[in-house]
Amino acid sequence: MFKRLFGKKQEIVKTIELKAFASGNIVPIENVPDPVFSQKLMGDGIAILPDEGIFVAPVDGEIIQVFPTKHAVGIKAMNGTEILIHIGLETVSMNGEGFTSHVKEGEKVKSGDILVTVDLEKVKENAKSIVSPIIIMDPENMESIDKPILSGKVLANKEVILLATVK
């Protein structure tokens, strides 16, 4: 009874804002030069052609996966949305060379926390592209995925590049 009178109901936020995870130019997901991403086989999202090798958390959440090769990080946002940041294309073959992870699985992160730093020159030399997608991995649980910025320059942790609303 007291809980009902005095307890605060914790509201689950349905819509989360994902900020730019790197500074650079926005690339529509359909224009990413890799069919896995451009055809949305893993989910929907957007990409950034980064200016520098610092990749930050786009949202508050928990790290659910850091690939052994450090080229990709999975985050579960507070509303349950599962997000993948994939740094460059065909970077898995670099076996982590040039990548430094600053987080580990199970760690809580805040928007703007540094996830991975990368030697972009090394990626340019050894991978297909430095274009880096961010993907909503569970589109079946989404009511909507909105993309407020479809082109132009963004700064890490400044502009909102995706809005994800759960069902």
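Enquirer: Explain the side chain of S129 to me, please; I cannot follow it from the model alone.
Expert: Positionally, S129 belongs in the loop between α3 (120–126) and β11 (132–136). From its side chain, S129 meets the backbone nitrogen of V131 in a polar contact 3.0 Å long. Apart from the residues lying within four places of it in its own chain, the contact partners of S129 are G88, L89 and V123.

Enquirer: Can you walk me through the sheet that holds strand β8 (residues 99–101) in this structure?
Expert: Strand-to-strand pairing in sheets goes through backbone hydrogen bonds, with the strands running parallel or antiparallel. The strand order across the open sheet formed by three strands is β4-β10-β8, and the pairing between neighbours is antiparallel. Two strands bound the open sheet, and with one partner strand each, they are β4 (54–56) and β8. Recorded for the sheet is a direction-independent mean angle of 20 degrees between the axes of neighbouring strands. One ladder, built from three bridges, connects β4 with strand β10 (residues 114–118); its direction is antiparallel. Bridge pairing in β10 places V56 opposite I114.

Enquirer: Teacher, can you tell me more about the packing of aromatic side chains here?
Expert: Note on aromatic pairs: each is described by the distance of the centres and the angle between the planes. Throughout the structure, instances matching the rule amount to one aromatic pair. Ring centres of F21 and F55 lie 6.3 Å apart, and the angle between their planes is 25 degrees; on these two criteria the pair is classed as stacked. Taken together, the residues span a long stretch of sequence, with F21 in the loop between β1 (15–19) and β2 (24–28) and F55 in strand β4 at a distance of 34 residues. Grouping residues by exposure puts F21 and F55 together as buried.

Enquirer: Please clarify how unusual backbone geometry should be interpreted in this entry.
Expert: Of note in this structure, K70 is not a glycine but carries a positive phi near 60 degrees. Topologically, K70 is positioned in the loop between β5 (61–66) and β6 (72–77). Of note, N95 is a non-glycine position whose phi angle comes to about 50 degrees, a positive value. As for its placement among the helices and strands, N95 is situated in the loop between β7 (82–86) and β8. Overall, the relative accessible area of 61% leaves N95 in the exposed class.

Enquirer: How should the sheet that holds strand β12 (residues 142–146) be read in this particular structure?
Expert: In spatial order, the strands read β1-β14-β12; together these three strands make up an open sheet with antiparallel pairing. Of all the strands in the sheet, the pair left with one neighbour each is β1 and β12. Mean inter-strand twist for the sheet, computed between neighbouring axes without regard to direction, equals 15 degrees. Two strands pair when backbone bridges link them, and β1 and strand β14 (residues 160–166) are joined in this way by five bridges, in the antiparallel orientation. Its bridge partner lying in β14, K19 is registered against V160.

Calculation criteria
- Positions within a chain are numbered from 1, following the residues in the order the chain's sequence is written.
- Totals for whole chains, interfaces and linings use every residue, but because this is a predicted model, local features are given only for residues with pLDDT of at least 70 and side-chain atom pairs only at 80 or more, for both listing and counting.
- Water and hydrogen atoms were dropped before computing side-chain values, which therefore reflect all heavy atoms in the structure.
- Helix numbering and strand numbering both begin at the N terminus, where a helix is a DSSP run of H or I of at least 4 residues and a strand a DSSP run of E of at least 2.
- In protein, a polar contact requires one atom able to donate a hydrogen and another able to accept it; more generally it is a pair of N or O atoms within 3.5 Å, and residues adjacent in sequence count only if both atoms are side-chain atoms.
- Any pair of residues with heavy atoms lying within 4.5 Å of one another is described as a contacting pair.
- Two strands qualify as a pair provided that DSSP identifies no fewer than 2 bridges between them.
- Helix axes are fitted only over the stretch in contact, all axes being lines through C-alpha atoms; the angle between N-to-C directions runs from 0 to 180 degrees.
- Aromatic pairing here means that ring centres of Phe, Tyr or Trp (its six-membered ring) are within 6.5 Å. Orientation follows from the plane angle: under 30 degrees is stacked, over 60 is edge-to-face, and everything else is tilted.
- Burial classification: accessible surface area is computed with a 1.4 Å probe over protein chains only, and a residue below 20% of its type maximum counts as buried, one above 50% as exposed, and the rest as partly exposed.

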